[in-house]
Amino acid sequence: MEKIFAHFDIKADGTSPATSNMLSIGIVFTDINGKVIKDITIDLLPREGYVGDTVSINWWLIDERRRENYLRILREGLEPSLAMQKFSDCLDEILQLSGTKNIIWVAYPLSYDLTFLQCYIDLYLDNVAISNALCLDTIVKIWKKHKDIEKYFKKWTENIQPKNHSIDNAYYQASIF
């Protein structure tokens, strides 16, 4: 395969990885035609000594589905070092399956999701680098300038709605891209 796209979404308990935690990452790997190669969800326990901000924690708690997901993550999540090793193992598998090293990371919004992911890579891994990324938010804003894009956007996403779990949002983003 020439290229692999890694559509990803993270959930966190704050706005900055310097003071808060990445709690979940969902990744959908697709080929250039959008065919799903693999998906993965990794839930992470908060890092010791890092507590999310009040506004973000309240966001998790005010909605019943989000609250259930948040409490499940706190019960079942992996320690960050183990979670990031699982992430690294998944990347190794994708690279072997695809025969390419050209992974293009796609997120919505990229600046938030990639900041957390890169921070955790830097903290827990020494063999992973993200060097090619696209911001789906920017792409969608450009596309929306075309008058017919709304009908295509609706058609692409008619059976998939974003939810409160990272893997659901990663699939939603993959369907748009």
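What counts, and at which threshold
- Residues numbered from 1 in each chain as written.
- Predicted model: local features only at pLDDT ≥ 70, side-chain atom pairs only at ≥ 80, totals over all residues.
- Heavy atoms only, no water.
- Buried < 20%, exposed > 50% of the residue type's maximum accessible area, 1.4 Å probe, protein only.
- Helix = DSSP H or I, 4+ residues; strand = E, 2+ residues; numbered from the N terminus.
- Pairing = 2+ DSSP bridges.
- Expected span 1.5 Å × (residues − 1).
- Polar contact = N/O pair within 3.5 Å; in protein donor to acceptor, adjacent residues only side chain to side chain.

Colleague: Teacher, can you tell me more about the pairing of strand β1 (residues 4–12) here?
Modeller: Consecutive residues of a regular strand have side chains that alternate between opposite faces of the sheet. Burial runs high along β1: nine of the nine residues are buried. Across the two faces of β1 the burial is the same, with Ile-4, Ala-6, Phe-8, Ile-10 and Ala-12 and Phe-5, His-7, Asp-9 and Lys-11 all buried. As paired strands, β1 and strand β4 (residues 103–107) are joined by four bridges and run parallel to one another. For His-7, the partnering residue across the bridge sits in β4 and is Val-106. Both β1 and strand β2 (residues 22–30) contribute to a ladder of eight bridges, which runs antiparallel. Paired with Ala-6 across the strands is Phe-29, a residue of β2.

Colleague: Would you explain helix α4 (residues 110–124) in this entry?
Modeller: Since the α-helix advances by 3.6 residues per turn, residues separated by three or four positions end up pointing in the same direction. In a regular helix each residue adds 1.5 Å, so 15 residues correspond to 21 Å; α4 covers 21 Å between its end C-alpha atoms and thus fits that length. Looking at α4, one finds that the buried residues are Leu-110, Asp-113, Leu-114, Phe-116, Leu-117, Cys-119, Tyr-120 and Ile-121.

Colleague: Even after reading the chapter, I still don't get the environment of Thr-30, so can you show me in this structure?
Modeller: Mapped onto the secondary structure, Thr-30 falls in strand β2. Judged by relative accessible area, which is 3%, Thr-30 ranks as buried. For the pair Thr-30 and Phe-5, spaced 25 residues apart in sequence, the C-alpha separation works out to 5.2 Å. At 3.0 Å, the side chain of Thr-30 and the side chain of His-7 are in polar contact.

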